[in-house]
Amino acid sequence: MPANLSPLIAATTQWLTRAFPASGGAFAAVMSETQARQAVTVAAWLRYPTAMDAALVTMVGPGGSARLDWIAGAHMRDEADTGDRAWESWVDEVVASWAACLLAAPNAAKEAVEAVAHSEHTAVGPVEFRRLTAPDAHDMAAAPLLRHPELLQPIAALHHADLIDRLRLGPALAC
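Each chain has its residues counted from 1, running along the sequence as written. Per-residue local features of the predicted model are confined to residues with pLDDT of at least 70, and side-chain atom pairs are confined, for both listing and counting, to 80 or more; whole-chain, interface and lining totals are unaffected and use all residues. The side-chain figures draw on all heavy atoms in the structure; neither hydrogens nor water molecules are used.

*Asks:* Provide a residue-level description of the nonpolar core, including the pertinent values.
*Replies:* In this description, a nonpolar core means a group of buried Ala, Val, Leu, Ile, Met, Phe, Trp, Tyr and Cys residues linked to one another through side-chain atoms lying within 4.5 Å. Each residue is assigned to one of three classes by its accessible area relative to the maximum for its type, calculated with a 1.4 Å probe on protein chains only: buried under 20%, partly exposed between the two thresholds, exposed over 50%. In this structure, Leu5, Leu16, Val42, Leu46, Leu102 and Leu132 are the most contacted members of the largest nonpolar core, which totals 45 residues. Helical segments are the DSSP runs of H or I of at least four residues, strand segments are the runs of E of at least two, and each set is numbered from the N terminus. Looking at this core, the elements with two or more residues in it are helix H1 (6-19), helix H2 (26-47), helix H3 (51-60), helix H5 (93-104), helix H6 (106-116), helix H9 (149-156) and helix H10 (160-168). When neighbours within four sequence positions are excluded, Val42 is seen to be in contact with Leu102, Ala112, Val113, Val116, Phe129 and Leu132. Whether two residues touch is decided by their heavy atoms; if any such pair falls within 4.5 Å, the residues are in contact.

*Asks:* So what's going on with the packing of H2 against H5? Residues and values would help.
*Replies:* A pair of packed helices is captured by two measures, namely the crossing angle of their axes and the spacing between those axes. To get an axis, a line is fitted to the C-alpha atoms, and for a helix only the part in contact is used. The angle between two axes follows their N-to-C directions and goes from 0 to 180 degrees. H5 packs onto H2 with a crossing angle of 125° between their chain directions and a minimal axis gap of 8 Å. On the basis of their axis angle, the class for H2 and H5 is oblique. Read as a crossing pair, H2 and H5 show a hand that is right-handed. Contacts between H2 and H5 involve Gln35, Ala36, Ala39, Val40, Val42, Ala43, Ala44, Leu46 and Arg47 from the former and Val94, Val95, Trp98, Ala99, Leu102 and Leu103 from the latter. Lys, Arg, Asp and Glu make up the charged group, whereas Ala, Val, Leu, Ile, Met, Phe, Trp, Tyr, Cys and Pro make up the nonpolar group; the residues left over, Gly among them, are polar. Across the contact of H2 with H5, the residue classes break down as 13 nonpolar, one polar and one charged. Angle categories are assigned with fixed cut-offs, so that under 35 degrees is roughly parallel, over 145 is roughly antiparallel, 65 to 115 is roughly perpendicular, and the rest are oblique. In a left-handed crossing the near helix is turned counterclockwise from the far helix by less than a right angle, and in a right-handed crossing that turn is clockwise.

*Asks:* With reference to specific residues and values, describe the packing of aromatic side chains.
*Replies:* Given two aromatic rings, their pairing is described by the distance between the two centres and the angle made by the two planes. In this scheme Phe, Tyr and Trp rings, the latter by its six-membered ring, pair at centre separations within 6.5 Å, and the angle between planes marks the pair as stacked below 30 degrees, edge-to-face above 60, and tilted otherwise. Scanning all chains against the criterion turns up two aromatic pairs. Arranged with centres 6.4 Å apart and planes meeting at 80°, the rings of Trp15 and Phe20 form a pair that is edge-to-face. Classification of Trp15 by relative accessible area gives buried; the value is 3%. By relative accessible area, Phe20 is classed as buried at 7%. Ring centres of Trp45 and Phe129 lie 5.8 Å apart, and the angle between their planes is 85°; this geometry places the pair in the edge-to-face category. Residue Trp45 is found in helix H2, and its partner Phe129 is found in the loop between H6 and helix H7 (130-133); the two are separated by 84 residues along the sequence. Each member of the pair, Trp45 as well as Phe129, carries the same accessibility label: buried.

Given below as structure tokens:
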């Protein structure tokens, strides 16, 4: 599978880790980012199950983070923040919402991982999503905001029904 979803996965992961930052230092930040990246990867693979889907989203773009920023309160950025924010155009709202669902509910994450297990994305070899599907105490401690169902709810609720529909298709049809 070509890496055309890489910019979308990287940007959406960055958005989640900024909206729901880790606590506890650099190691916690890395662990939190790993969990977010795994959730975003599974969500992106569910949303764009084929190479054609990935190519199309790469061509037209995923839509950006404007609505997510508004919901999460990020629209009230410090005016002194003049950094390069071009990455935000690669954030995919649906993928972020689905990832939030998966982070808040490990059982849903397990279903989603099963749904993508035999997709084009995993054709190159097995992929492991343990930090997403079976977070241990260290994972949970590193990402209390990223794993908090009530905090994630406004983002998760945006496209929760679509995720449930996709998962109902089952492993063979979801991808």
